[in-house]
Amino acid sequence: MQKTIERIAGDSEGVAYEFPVFRFGGTDKAAPSAYLQAALHAGELPGVVAIDALMPMLARAEAEGRIKGAITVVPWANPIGRAQYHFGEHQGRFNLGTRTNFNRAFPLLAAPDAKLLADVSLGGADRRLKKRVELSLGNDIVLDLHCDDEGLPYIYIHTSLWPHMADCAAAMGIDAVLLWREDSSGTFEGASIMPYQNVPASVARFDRRVATTVEYRGMLDVDSGLAASDAAGLYRLLVTRGVIQDPSVPKPSSFSGAVVPLENIEMMPSPKAGAILYDVKPGDRVNKGDRLATIVHAPGEAGGRTEVFAPQSGFILTRRSRRIIRAGEDLLKFAGDKRSADARSGTLED
Ligand SMILES: [Zn+2]
């Protein structure tokens, strides 16, 4: 394993950002290569500790000569966001200087060729960081580890990779897959899969390609037991796809979780600003008309509570971790059995 340091120049003299990159060489050129990163949204740490638990497994596989395809690991993908504190609170989702989401505005290339990336030497530190997508370009397997507010473990998959990636979903042991089609905002996952949409099938090779945003539950689910089981899931995926050889790992059984088109997700914008009293938690199954939450907007007053009901049947994928809400902000990711009347294309959130 080799460790190198990526350096991102800051926007003023005397400021620079660094993050480590770990590379394991593969012994078989024909084997798929893999790229894993965590904490692109810099405060989302379940993936960071999963990688911490995975690294000794990779080191052991390397020592035993079982790493077939090259593996690149970036445990902290966003040193700019990692350093952002605003009035004592960490802010890892948006760049405070540009207001741009750290997982948006990645270049969506016409082909998977790093030479097509624009020169960003004068584009600002945020764009220089995003050009580091070149570390992942060309890998057969690209895993971007995130988490939600409070939620089940789930992953996003572009429709071109489904159902080929069902083995990966099963190997990782996640509960749900969200299938998406369009990326108009340049997510890291979009930058990883959209360049393959209009290239010859011999290059695209969707049967062996993996690109996914992994949502490892919620912000507070940073825990050594979950880290170990998530690391085991990542390891199983790498074995299943032939990056690592390990006969002790059984083939995953078929994926038994939910498969939900993105247009079925109800985001449930709150009708009022106030305090949320949830009736449901991630994993709950509900029927049309069941109460999901009550918003207390005028405490103690007649008419000061507003109830929110399920617009269709389905299950709760995520909810907010904070209980204060403004009118129009989203209460839940509710996975409906049918298309949502409020269906959103592209990304679900800012
Ligand atoms: Zn995220």
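For the structure, see preceding data.
Since we're looking at a predicted model, the values are computed, not measured.

Trainee: What is the right way to look at the coordination of the zinc ion in this model?
Mentor: Reference geometry at the metal: tetrahedral coordination by four donors gives ideal angles of 109.5 degrees; octahedral coordination by six donors gives 90 or 180 degrees. The protein atoms that coordinate the zinc ion are His41 (ND1), Glu44 (OE), Glu44 (OE) and His146 (ND1), at distances of 2.0 to 2.6 Å. Seen from the zinc ion, its four donor atoms lie at angles of 53 to 144°, and the figure they make is irregular. Mapping the donors of the zinc ion onto the primary sequence gives the spacing H-x2-E-x101-H. An identical accessibility class is assigned to His41 and Glu44; each is buried.

Trainee: Is there a simple way to think about the sheet that holds strand S3 (residues 34-38) in this case?
Mentor: Whenever strands of a sheet pair, they do so through backbone hydrogen bonds, lying parallel or antiparallel. Read from one edge of the open sheet, nine strands run S1-S2-S4-S3-S7-S11-S9-S10-S12, paired in mixed fashion. This sheet does not close on itself; its edge strands, each paired only once, are strand S1 (2-9) and strand S12 (258-261). Put simply, the sheet's adjacent strands are angled 20° from each other on average, direction ignored. Sheet topology note: the S1/strand S2 (residues 16-24) ladder contains eight bridges and is antiparallel. Bridge pairing links Arg7 to Glu18 in S2.

Trainee: I would appreciate a short explanation of the sheet that holds strand S19 (residues 324-325) in the present structure.
Mentor: Taken together, four strands build an open sheet; the order of strands is S17-S16-S14-S19 and the sheet is antiparallel. Two strands in the sheet have a free side with no partner beyond their single neighbour: strand S17 (305-309) and S19.

Trainee: Explanation requested: helix H7 (residues 224-240) in the structure shown.
Mentor: Between the first and last C-alpha of H7 there are 24 Å, a value that for 17 residues agrees with the 24 Å anticipated at 1.5 Å per step. Within H7, the full set of buried residues consists of Ala227, Asp230, Ala231, Gly233, Leu234, Tyr235, Leu237, Leu238 and Val239. In this structure Asp223 caps H7, since a side-chain oxygen of it lies 2.8 Å from the backbone nitrogen of Gly225. Following H7 by one or two positions, Gly242 adopts a phi angle in the positive range, close to 80°.

Criteria and thresholds
- Residues numbered from 1 in each chain as written.
- Predicted model: local features only at pLDDT ≥ 70, side-chain atom pairs only at ≥ 80, totals over all residues.
- Heavy atoms only, no water.
- Donors = N, O, S within 2.8 Å, 3.2 Å for Na, K, Ca; no water.
- Tetrahedral: all angles 85-135°; square planar, octahedral: opposite > 155°, others 65-115°.
- Buried < 20%, exposed > 50% of the residue type's maximum accessible area, 1.4 Å probe, protein only.
- Pairing = 2+ DSSP bridges.
- Helix = DSSP H or I, 4+ residues; strand = E, 2+ residues; numbered from the N terminus.
- Axes fitted to C-alpha atoms, helices over the stretch in contact; angles between N-to-C directions.
- Expected span 1.5 Å × (residues − 1).
- Polar contact = N/O pair within 3.5 Å; in protein donor to acceptor, adjacent residues only side chain to side chain.

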